[in-house]
Amino acid sequence: MMNITLETPLEALPSVGEKRAKSLKKLGLNNLFDLLFLFPRRYLDLRNFKKIGALVPDEFTSVKGKVMAREEQRIPVRSRVSYLKVAVSDGSGVLFLVFFNQPYLKDIFSIDKEFFINGRVEVFKGRMQMINPLYEEYRQVKKDWILPVYPLSSGLTQKYMRKLIKAVLENIEVYPHEILPLGDRHNLNIPNIKFALKNIHFPMSDINLEKARNYLVFREFFILQLGLLLKKKTEQKQGKGIIVDIEKDAIKVFQSYLPFNLTAPQKKVMEDIIADIKEGKIISRMVHGEVGSGKTVVAVFALWLIARQGYQSALLAPTEILAEQHYINWQKFFLEQNIPVAFLIGQLPEAEKNRIRNGIKSGEIKVLVGTHALLSEALEFKNLKISVVDELHKFGVKQRERLREKGEDVHYIMMSATPIPRSVALTFYGALDVSVIGELPKGKRQVISYIFPVEEKDKVYEFVKYQVSQGKQGYFVTPAIEGNENIESAIKEYERIKEIMPEISVSLLHGRMSYTEKDEIMKGFREKKAMALVATSVIESGIDVPEAAYVVIEQAERFGLAQLHQLRGRVGRAGDVGYCILIPYSFTDKDIMERLESFIKTESGFEIAEIDLKIRGQGDLLGVRQHGVPPLRIGNIVKDMELLGIAREKAEKVIKEVSVDILKEKFLKEVFINE
Ligand code: ADP
Ligand code: MG
């Protein structure tokens, strides 16, 4: 082979023609580097197979068998579809292999040849079969027992990919940079890059495979963390945050306007914010903590701090109800200090919206609270200096940033509704500073959770009647269907409850109501004009009605655990015990019940977040939400949490000790962080 480097384009290899190059591009592979870092999806372990006689339908497994017979057939009605049927046996039974439209396989599966087969077992007309299984001619050699299985695109085969990658591994002389010095690698029990790449593709043993994987997982996390930390470092250097002279006792002054005492962690976050500003940094901070830990006050503190300096500040909330709640709760606070504050949502009358837009443009309004309407092109600020986003998970990356782009060097604070597992925070928010509010203001809140089968709903109604007779109010929540609220089912439930409990005043709330309607309903509920509020999941985000004591969640299995925890967080806010009642409709489904049981067993949002992550896996996290971080190729933030932690520590150390230029030269070609 010619002289090849990591940058050599794949077309330059003798075994890659134009067609193949195209197929490889479809997999995102352009040069040798890409190819070497295309990790196998899984492996075929030629040492492990089952007796054919012991196969069980639906299992995914391997067997070893000799070809007994083979036959090519056509499907009569669709004559262009042909299939090859091969019977293999190991003496304990017969397995049929079915391959569609690959007539050339006839020559490969010649009689008496022995094969290793891997696939899903099906039963067809009483016979065991596998459709399009993976196969490998069985050799009595001790080499290559563990074979890689790669992702493919049309025009590529496993055999071709294996040959190609093997040839590259044998011929390449310059490998990617070593990430850590020998001593560190030794301590972590990870080998060098050459060993890792060779063994991830063609492992010589299970132990080598594990070592190779550890190396590559660590490398991936390490480079990701370096990229995130570097981004943070350069951003903060470039930023020309306004250096304002904040009085020493700003927190005390703020405190003097509050009806309660700030908790220690609340004060700590406020101190962090002050320190950032004093340093001239542009704040980029995420605040997370348990539901009800009092994140709003911290957000308001930041708005207040900036607005007092004559600059504008904005608070973005995901729903009208939540935005209004913030506005109602804090309007007086700002007005008392002569800080003009306004509220903006899409549903306001045009004249009102214009009035606010003018006030924002002229700089007269200093604090603006609202929904997505804040992101509209039509809104121009005079001198926006801080953007606070509440319930950040309800916004996409682009949306979150849009508010920030309405000014220059805008400070940016994000409130996360739920506690975030460390691994997620590191992976997705690693470029931000993170503050945790780890303590609830009124001491540990108690919400007791129960599961009731739908047949026992009567008991739930009895329980609610009792609560109401004690002067307690609460919520009935009906589930969303595929992300959309199910308004019909909310209306039905509302009618049913009115019928079953005529003595109780009930209201209905859903997202399709006009703003004024919603507003009236929420006011009435706060004033205890209604003792039960039937609602879609609109109430999930941030609603704070301290007197609410119970929440009944219909078809609880349709909600994610984090969402259930949010809903549960709506009750027991005044210091009394709250009750959360889950009514799953699939009471007999084992997985669902296990999930819900695990939910009612813990009151910790951190634990729930961890469980959720384990159940849903990182795939979901990576796929659904856009985080601006490249997808992980090999690392798994659930399984490899420990390595992720170590990688962060090492990266922090390296960022301090090594110059930015060297880092960029060495690694950063490999990171593409675009958030
Ligand atoms: P979350 O962190 O879930 O957003 P909120 O900001 O809605 O929590 O706060 C929950 C409730 O606790 C609110 O009614 C708020 O006024 C109250 N609260 C916040 N901080 C304190 C405190 N230090 N002492 C007492 N009550 C507080
Ligand atoms: Mg909140």
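Residues numbered from 1 in each chain as written. Chains lettered and ligands numbered in written order. Predicted model: local features only at pLDDT ≥ 70, side-chain atom pairs only at ≥ 80, totals over all residues. Heavy atoms only, no water.

A few points about the overall build of the protein
Going by this rule: Helix and strand assignments come from DSSP, with helices taken as H or I runs of at least 4 residues and strands as E runs of at least 2, each series counted from the N terminus. Relative accessibility under 20% of the residue-type maximum defines a buried residue, over 50% an exposed one, and the middle range a partly exposed one, all with a 1.4 Å probe and only protein chains included. Should any heavy atoms of two residues lie within 4.5 Å, those residues are counted as being in contact. Charge convention: Lys and Arg are scored as positive, Asp and Glu as negative, and His as well as the terminal groups of each chain are ignored. Charge positions come from single atoms, namely NZ of Lys, CZ of Arg, CG of Asp or CD of Glu.
Secondary structure summary: the protein contains 22 helices and 24 strands in total. Over its C-alpha atoms, taken along the principal directions, the protein stretches across nearly 90 × 65 × 45 Å. A total of 675 residues make up the protein; the buried ones form 54% of that total. Residue pairs at least 24 apart in sequence account for 73% of intrachain contacts in the protein once pairs closer than 6 positions are excluded. In the protein, which carries 99 positive and 88 negative side-chain charges, the distance between the mean positions of the two groups comes to 5 Å.

What to know about the nonpolar core
Rules: Side-chain atoms within 4.5 Å link the members of a nonpolar core, which is a set of buried Ala, Val, Leu, Ile, Met, Phe, Trp, Tyr and Cys residues.
Membership of the largest hydrophobic core comes to 132 residues, with the highest contact counts inside it found for Leu216, Phe254 and Phe334. Excluding anything up to four places from it in sequence, Leu216 contacts Phe37, Phe39, Ile193, Ala196, Leu197, Ile200 and Ile634. In this structure, Phe525, Ala548, Val551 and Phe559 belong to the second largest nonpolar core, which totals 54 residues.

Describing the packing of helix 18 (residues 561-568) against helix 19 (residues 590-601)
We count it as follows: Geometry is summarised by axes, namely lines fitted to C-alpha atoms with helices restricted to the contacting stretch, and by angles between N-to-C directions that run from 0 to 180 degrees. The scheme is simple: roughly parallel for angles under 35 degrees, roughly antiparallel for over 145, roughly perpendicular for 65 to 115, oblique for anything else. Here a crossing is called left-handed whenever its near helix is offset anticlockwise from the far helix by less than a right angle, and right-handed whenever the offset is clockwise. Three classes are used, and their members are as follows: Ala, Val, Leu, Ile, Met, Phe, Trp, Tyr, Cys and Pro are nonpolar, Asp, Glu, Lys and Arg are charged, and the others, Gly among them, are polar.
It is at 11 Å that the axes of helix 18 and helix 19 come closest, and there the two elements cross at 40°. What the angle tells us is that helix 18 and helix 19 run oblique. The interaxial crossing formed by helix 18 with helix 19 has right-handed handedness. Across the interface between the two elements, Leu561, Leu564, His565 and Arg568 from helix 18 touch Arg595, Leu596, Ser598, Phe599 and Ile600 from helix 19. Looking at side-chain class alone, the contact of helix 18 with helix 19 contains five nonpolar, two polar and two charged residues.

Notes on the site of ligand 1
Cut-off, in case you're wondering: Residues are classed as near a molecule or strand on a simple rule: at least one heavy atom within 4 Å of it. Here a polar contact is taken to be a pair of N or O atoms separated by no more than 3.5 Å, where protein atoms must pair a possible hydrogen donor with a possible acceptor and residues adjacent in sequence count only if both atoms sit in side chains. Only the protein chains shown count as covering a residue, and every accessible area follows the Shrake-Rupley method with a 1.4 Å probe.
Ligand 1 sits among 17 residues. The nearest are Asn261, Gln266, Gly292, Thr296 and Asp544. Asn261 is positioned such that a nitrogen or oxygen atom in its backbone is 2.7 Å from a nitrogen atom of ligand 1. A distance of 3.0 Å is found between a nitrogen atom of ligand 1 and a side-chain nitrogen or oxygen belonging to Gln266. Protein contacts shield 85% of the accessible area of ligand 1, which totals 570 Å² for the unbound molecule.

Notes on the sheet that holds strand 18 (residues 473-477)
Spelled out, the test is: When DSSP finds two or more bridges between two strands, those strands count as paired.
Taken together, six strands build an open sheet; the order of strands is 17-24-23-18-22-21 and the sheet is parallel. Two strands close off the open sheet at either side, each with one partner strand: strand 17 (447-451) and strand 21 (506-509). Shown here is a sheet whose adjacent strand axes are inclined to one another by a mean of 15°, direction ignored. In the sheet, strand 21 pairs with strand 22 (residues 532-535) via four bridges, with the strands oriented parallel. If you follow Ser507 over to strand 22, its bridge partner there is Leu533. Each of strand 17, strand 18, strand 23 (548-554) and strand 24 (578-583) touches helix 18; the most contacted strand, strand 23, lies at about 150° to it.

Thoughts on the pairing of strand 23
How we decide: With its strands directed away from the observer, a crossover is right-handed exactly when the path from the first strand over the helix to the second travels clockwise.
With seven of seven residues buried, strand 23 lies mostly within the body of the structure. Direction of pairing for strand 23 relative to strand 24: parallel, over a ladder of five bridges. Each residue of the ladder has a partner; that of Ile553, found in strand 24, is Leu582. Once the chain exits strand 23 it traverses helix 18 before rejoining the sheet at strand 24, and the crossover so formed is right-handed.

Notes on the pattern of salt bridges
The condition that has to hold: We define a salt bridge as a side-chain nitrogen of Lys or Arg found within 4 Å of a carboxyl oxygen belonging to Asp or Glu.
Taken as a whole and judged by the stated rule, the model has 31 salt bridges. Note that Arg47 and Asp45 form a salt bridge whose closest N and O atoms lie 2.8 Å from each other. A residue is classified by how much of its surface remains accessible, and Asp45, at 19% relative accessible area, is buried. Across the pair Lys457 and Glu493 runs a salt bridge, and its minimum N-O distance is 3.5 Å. One end of the pair, Lys457, is in helix 15 (residues 457-469); the other, Glu493, is in helix 16 (residues 487-500), with 36 residues separating them in the sequence. Classification of Lys457 as buried rests on a relative accessible area of 8%. Among the residues examined, Glu493 registers a relative accessible area of 1% and is labelled buried. Each of Lys232, Lys268, Asp272, Asp276, Lys281, Arg285 and Asp433 takes part in a single network of salt bridges with overlapping partners.

Some points on the packing of helix 15 against helix 16
Between helix 15 and helix 16, the least distance of the axes is 12 Å, while the angle of their chain directions is 70°. By the angle between their axes, helix 15 is roughly perpendicular relative to helix 16. At the point where helix 15 passes helix 16, the crossing takes the right-handed sense. Within the contact between the two elements, helix 15 uses Lys457, Tyr461 and Lys465 and helix 16 uses Glu493, Arg496, Ile497 and Ile500. Across the contact of helix 15 with helix 16, the residue classes break down as three nonpolar, no polar and four charged.

Details of a negative patch on the surface
Applied cut-off: Nonpolar side chains (Val, Leu, Ile, Met, Phe, Trp, Tyr) are joined into patches within 5 Å and like charges within 9 Å, using only residues with over 30% relative accessible area and no salt bridge.
Taken together, Asp589, Asp591, Glu594 and Glu597 make up a surface patch of like negative charges. Mapped onto the fold, Glu597 is located in helix 19. The partly exposed category is assigned to Glu597, whose relative accessible area is 34%.

Things to note about the sheet that holds strand 10 (residues 284-289)
Here seven strands make up an open sheet; going across it, the order is 12-13-11-14-15-10-16 and the pairing parallel. Edge positions in the open sheet fall to strand 12 (341-344) and strand 16 (433-437), since each of these has one partner strand only. When strand polarity is set aside, the average angle formed by the axes of neighbouring strands in this sheet is 20°. Alignment of strand 11 (residues 312-316) against strand 13 (residues 367-370), held across four bridges, turns out to be parallel. Residue pairing across strands places Ala314 opposite Leu368, the latter belonging to strand 13. On the sheet, helix 10 (residues 295-307) packs against strand 10, strand 11, strand 13, strand 14 (384-389), strand 15 (411-415) and strand 16 and is oriented at approximately 175° with respect to strand 14.

Side note on the environment of Leu105
Summarising the element assignment, Leu105 is placed in helix 3 (residues 105-108). In this structure Leu105 touches Leu84, Phe99 and Tyr135, once residues within four positions along its chain are discounted.

Looking at a nonpolar patch on the surface
A grouping of Val434, Val436 and Phe606 is seen on the molecular surface, where their side chains present a nonpolar patch of about 210 Å² in accessible area. For Phe606, a relative accessible area of 33% puts it in the partly exposed group.

A look at helix 19
Here is the rule: A helix is expected to span 1.5 Å multiplied by its residue count minus one. Along the arc lie the directions from the helix axis toward the C-beta atoms.
Given a rise of 1.5 Å per residue, 12 residues ought to cover 16 Å, and the 16 Å separating the end C-alpha atoms of helix 19 matches this to within 8%. For helix 19, the full list of buried residues reads Ile592, Met593, Arg595, Leu596 and Phe599. Along helix 19, the residues classed as buried sweep out an arc of 160° about the axis, all on the same side. The outward face of helix 19, more than 90 degrees from its buried face, is lined by the exposed residues Lys590, Asp591 and Lys601.

Structural notes on the environment of Ser154
Inspection of the secondary structure puts Ser154 in the loop between strand 9 (146-149) and helix 4 (158-171). Residue classification places Ser154 among the exposed residues on the basis of a relative accessible area of 54%. Separated by 130 residues in sequence, Ser154 and Leu24 place their C-alpha atoms 9.2 Å apart. Ser154 has contacts with Ser23 and Lys26, leaving out every residue within four places of it along the chain.

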